[in-house]
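# Residue-level structural notes
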Amino acid sequence: MIIEKLKDEDNLTESEKQIAHYLLDDTNHIDHMTSTELAKAAFTSQSTVVRLYQKLNFKSFREFMTILAIERKDYLQSEKIYEGNPFEKMTSYDNTKNIVNEIFENTLTNTNMALDRNTITRICNRILNSQVIEIYAIGSGQTTASYFQRELLTVGKQCIVLGNIDDEYFNKIKDSNLTLLSF
């Protein structure tokens, strides 16, 4: 994960650490930032930004920021889930079971609140009208994507799950005939 690499400062220069601190600060809005804007906001140079994403094995800034945005969103959501629900080494079985049930119920409630009839209808229509469905998923979303793929295959829809987002992903987004699902 990018977040883990950014938190592990042992392999980062001082300037790269400044960028990492900026990217990890949940109060900073990093969506749609350019490399120049990131450099300016983190008080470093654009070449330092380039060196950092290349050091983390990314070919482009856009690829780096897209995957970071997804991981950061998941990371921040997981942090919120555990607020008020501390797991301790000596937590009892019953207490752990209650905490897991509470997290599960909160997840279902939040998901149901985010979906309305029109959204579900639009999603179903896009799936029904698609010849091939490509699902791009990273991290914990891969499990959900694999399950969804199995379900689509059982109803006769051709479906592929890909575990990375790269330049090919961005080129496919431009083609409006494709249905791309991201988890």
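Above this text is the structure in question.
Residues numbered from 1 in each chain as written. Predicted model: local features only at pLDDT ≥ 70, side-chain atom pairs only at ≥ 80, totals over all residues. Heavy atoms only, no water.

### Overview of helix α4 (residues 46-55)
Let me state the cut-off plainly: Each residue is assigned to one of three classes by its accessible area relative to the maximum for its type, calculated with a 1.4 Å probe on protein chains only: buried under 20%, partly exposed between the two thresholds, exposed over 50%. Numbering of helices and strands starts at the N terminus; helices are DSSP runs of H or I of at least 4 residues and strands are runs of E of at least 2. What the arc covers is the set of directions going from the helix axis to the C-beta atoms.
Residues of α4 that are buried include every one of T48, V49, L52 and Y53, and no others. Projection of α4 onto a plane perpendicular to its axis shows the buried side chains occupying an angular sector of 130°, all on one side. With its phi angle positive at about 70°, N57 sits one or two positions after the end of α4.

### Examining the pattern of salt bridges
Which entries qualify depends on this criterion: Criterion for a salt bridge: a side-chain nitrogen of Lys or Arg within 4 Å of a carboxyl oxygen of Asp or Glu.
Within this structure, the stated rule accounts for two salt bridges. Between E14 and K17 there is a salt bridge, with its nearest N and O atoms 3.2 Å apart. Of this pair, E14 and K17 both sit in helix α2 (residues 14-24), three residues apart, which is roughly one turn of that helix. Overall, the relative accessible area of 57% leaves E14 in the exposed class. Here E16 and K55 are joined by a salt bridge, their closest N and O atoms 2.6 Å apart. In this pair, E16 sits in helix α2 while K55 sits in helix α4, placing the two residues 39 residues apart along the sequence.

### Some words on the pairing of strand β1 (residues 132-136)
Definition in use: At least two bridges found by DSSP between two strands are what make those strands a pair. Here the term right-handed applies to a crossover when the path leading from its first strand over the helix to its second strand runs clockwise, the strands being oriented away from the viewer.
Burial analysis of β1 places four of its five residues in the buried class, which makes it a mostly covered element. Direction of pairing for β1 relative to strand β2 (residues 158-162): parallel, over a ladder of five bridges. When the bridges of β2 are listed, I133 appears paired with C159. Each parallel crossover has a hand, and the one from β1 via helix α8 (residues 141-154) to β2 is right-handed.

### Side note on the packing of aromatic side chains
Threshold: Stacked, tilted and edge-to-face are the three classes assigned to paired rings of Phe, Tyr and Trp, where Trp is represented by its six-membered ring and a pair needs centres within 6.5 Å; plane angles under 30 degrees give stacked, over 60 edge-to-face, the rest tilted.
Within this structure, the stated rule accounts for four aromatic pairs. Consider the rings of F61 and F64, whose centres lie 6.4 Å apart with planes at 45°: the pair is tilted. With a gap of three residues between them, F61 and F64 both fall in helix α5 (residues 61-82), about one helical turn apart. Classification of F61 by relative accessible area gives buried; the value is 12%. Residue classification places F64 among the buried positions, given a relative accessible area of 1%. Taken together, the ring pairs connect Y53, F58, F61 and F64 into an aromatic cluster.

### Topic: the nonpolar core
Soluble globular proteins: nonpolar side chains tend toward being buried together. Threshold: We call a set of buried residues a nonpolar core when its members are Ala, Val, Leu, Ile, Met, Phe, Trp, Tyr or Cys and they connect through side-chain atoms within 4.5 Å of each other. A contact between two residues is defined here by any heavy atoms of the two lying within 4.5 Å.
With 24 residues, the main nonpolar core has I2, L6, L23, L38, F64, M65 and L68 as its most contacted residues. Only α1 (2-7), α2, α3 (35-41), α4 and α5 provide two or more residues apiece to this core. In terms of residues, this core owes the most to one element, α5, which gives five residues. Beyond its immediate sequence surroundings of up to four residues, F64 is in contact with I2, L23, Y53, L56 and F58. By size, the runner-up hydrophobic cluster in this structure holds seven residues, among which are I127, A137, A145 and L152.

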